[in-house]
Amino acid sequence: MIREFEFYHGAVLAKLLHESDQSITIQPFPSESNASYVVNKNIGLFIKHSAKRMSPWRFSFAQEHQDEILEMKNKLGEVFLLLVCGEDGIVSLSFDELKSLLNEAHDPVEWISVARNKNTHYTVKGSDGDLGYKISHKDFPRKLFEKEVVSPETKTSKVFSWFK
């Protein structure tokens, strides 16, 4: 029998593979949650899903979820929270964005809420704050592999990506 989370995680992993221009390695991150993966040996992914059909989608975070995300950050350097919003899309949040929603003080259970009207970006709020800006449905998977490089000579930045 295929478990519900396997469908949603499969959607994340398929999108990641199909939108890449280069080969990708994906491994499970050793944990009991079945929610964590390591991409290219240095990028952590923590996936949560909501099977709800329409906005808003709400995601609960037990203290152990936040502890696991922090462990991934400490071991890998980069970690992203991916929120699968039913069949609508995937919201990609960097560790810093996550911390603006759920701060360092981990309550036993906290939440993140994602809302979106038709043909708009996602609004994201959490137990401890909100982003103050919206997240594009196009940010995943591009956001995982974009790197901002600042030239020391010109003090300008350029974003590099290897996604289509």
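To start, this report covers the structure provided alongside it. It should be emphasised that the depicted structure is a prediction, and the values quoted were computed from it without experimental measurement.

Calculation criteria
- Residues numbered from 1 in each chain as written.
- Predicted model: local features only at pLDDT ≥ 70, side-chain atom pairs only at ≥ 80, totals over all residues.
- Heavy atoms only, no water.
- Pairing = 2+ DSSP bridges.
- Helix = DSSP H or I, 4+ residues; strand = E, 2+ residues; numbered from the N terminus.
- Contact = heavy atoms within 4.5 Å.
- Axes fitted to C-alpha atoms, helices over the stretch in contact; angles between N-to-C directions.
- Salt bridge = Lys/Arg side-chain N within 4 Å of Asp/Glu carboxyl O.
- Buried < 20%, exposed > 50% of the residue type's maximum accessible area, 1.4 Å probe, protein only.

Bringing the sheet that holds strand β9 (residues 129-130) into the picture now. Reading across the sheet, the 4 strands line up as β4-β7-β8-β9 and stay open at both edges, with antiparallel pairing between neighbours. The two strands at the open ends of the sheet, each matched to only one other strand, are β4 (57-62) and β9. Relative to strand β8 (residues 123-126), strand β7 (residues 109-115) runs antiparallel, the two sharing 4 bridges. Across the sheet, residue A115 finds its bridge partner in β8, namely T123. Lying over the sheet, helix α2 (residues 63-76) contacts β4 and β7, oriented at roughly 80° with respect to β4.

All right, on to the pattern of salt bridges then. Pairs can form between side chains of opposite charge once their charged atoms are near each other. One pass over the structure, following the stated rule, counts 6 salt bridges. For E19, the salt bridge goes to K15, with nearest N and O atoms at 2.9 Å. Its relative accessible area of 29% is what places E19 among the partly exposed residues. A salt bridge links D139 to R142; the nearest nitrogen and oxygen atoms lie 2.9 Å apart. In this pair, D139 and R142 both sit in helix α4 (residues 139-145), 3 residues apart, roughly one turn of the helix. Overall, the relative accessible area of 16% leaves D139 in the buried class.

Read from one edge to the other, the open sheet built from 5 strands follows the order β1-β2-β3-β5-β6, with strand pairing classed as mixed. A strand with exactly one partner marks an edge of an open sheet, and here the two such strands are β1 (26-28) and β6 (89-94). Direction aside, the axes of adjacent strands within the sheet are offset by 30° on average. Running over the sheet, helix α1 (residues 4-18) touches β1, β2 (36-39), β3 (43-50), β5 (78-85) and β6 and is turned about 135° from β3. In the packing of α2 onto the sheet, contacts are made with β2, β3 and β5, and the angle to β3 comes to roughly 160°.

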